[in-house]
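What the coordinates show
Listed below are the residues making up each chain.
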Amino acid sequence: EPPRAEKRTRRGRQLKAEGGARVAPFGIHSITSEGSVSGDFELPRDGEYVVRVRAAGQRAGDELPKLQLRIDDKVIQVFDVAAKPDKPADYEVRQALSGGFRRVAAHFINDFQDPTAERRDERDRNLFVGSIEVEGPVDPGPGVTKPARLDVILPSDGRSPREAAAQTLGPLAR
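Residues numbered from 1 in each chain as written. Predicted model: local features only at pLDDT ≥ 70, side-chain atom pairs only at ≥ 80, totals over all residues. Heavy atoms only, no water.

As for the overall build of the chain
Within the chain, the regular secondary structure consists of 1 helix and 10 strands. Secondary structure elements of the chain, listed N to C terminal, follow the sequence β-β-β-β-β-β-β-β-β-β-α. Scaling as 2.2 N^0.38, a compact globule of 174 residues should have a C-alpha radius of gyration of about 16 Å, whereas the chain reaches 24 Å, well beyond that. Dimensions of the chain, computed from the C-alpha atoms along their principal axes, are close to 85 × 35 × 25 Å. When the 174 residues of the chain are sorted by exposure, 37% land in the buried category. Counted over contacts in the chain with a minimum sequence separation of 6, partners at least 24 positions apart contribute 71%. Accessible area for the chain stands at about 11,100 Å²; split by element, carbon and sulfur atoms hold 48% of it. With 29 positive and 28 negative side-chain charges, the chain shows a separation of 3 Å between the mean positions of the two kinds. (Helix = DSSP H or I, 4+ residues; strand = E, 2+ residues; numbered from the N terminus. Rg over C-alpha atoms; globule rule 2.2 N^0.38 Å. Buried < 20%, exposed > 50% of the residue type's maximum accessible area, 1.4 Å probe, protein only. Contact = heavy atoms within 4.5 Å. Areas by Shrake-Rupley, 256 points an atom, 1.4 Å probe, with all protein chains shown as cover. Lys, Arg positive; Asp, Glu negative; His and termini not counted. Charge placed at Lys NZ, Arg CZ, Asp CG, Glu CD.)

A look at the nonpolar core
Membership of the largest hydrophobic core comes to 27 residues, with the highest contact counts inside it found for Leu67 and Ile132. Where this core is concerned, the elements lending two or more residues are β3 (29-43), β4 (47-58), β5 (66-71), β7 (89-97), β8 (100-108) and β10 (124-135). Sort the elements by how many residues they give to this core and β4 lands first, with 5 residues. (Core = buried A, V, L, I, M, F, W, Y, C linked by side-chain atoms within 4.5 Å.)

Quick word on the environment of Ser30
As for its placement among the helices and strands, Ser30 is situated in strand β3. Taking the C-alpha atoms as reference points, Ser30 and Phe128, 98 residues apart in sequence, are found 4.7 Å from one another.

Comments concerning the pairing of β3
In the sheet, strand β2 (residues 16-23) pairs with β3 via 7 bridges, with the strands oriented antiparallel. Following the sheet pairing, Glu18 is matched in β3 by Ser36. Between the antiparallel neighbours β2 and β3 lie 5 residues, among them Gly27 with a positive phi of about 95°. Direction of pairing for β3 relative to β10: antiparallel, over a ladder of 3 bridges. For Ile31, the partnering residue across the bridge sits in β10 and is Leu127. Judged from the 9 bridges that link them, β3 and β8 form a sheet pairing that is antiparallel. Note that in β8 the partner of Gly39 across the bridge is Val104. (Pairing = 2+ DSSP bridges.)

Some details on the environment of Asp73
Tracing the backbone through its elements, the reader meets Asp73 in the loop between β5 and β6 (74-80). Asp73 sits 30 residues away from Arg103 along the chain, and the two C-alpha atoms are 7.7 Å apart.

Right, here's the structure in full:
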């Protein structure tokens, strides 16, 4: 059984807040104008990692809050955050990353306000980030080979079952 991938999680004051981001007393970051929260992660080797942001949003106007995921300042993906503050969700991507120190950031990129909106909870678009997590590596790593392809030869047209078996299994014996 392959080893379980390690999860590295940053939350609360382990995350750096910039721009319109502030950490609340209960550890959730509220981003009320364009800004970001980020965390630094040390990855043991090059490989495939799952990067996950636990987030929720407050909708205003015609759009959901947009979370832009960046790794080392490179935009990886933009998510429309449909989860509401009372029920946050995970927004994740599987990504090839180099080993070493990596900065993972969640940016709020579409701030909007409409003080005239009829419903009070639809007047200000905001993003809430609970945690940033990097899981992995989730690939087998160097030195681990995939099983060889096995072409099955069936007995037919004068090929006996023994000959078919020898042709099928021969490459595995080499």
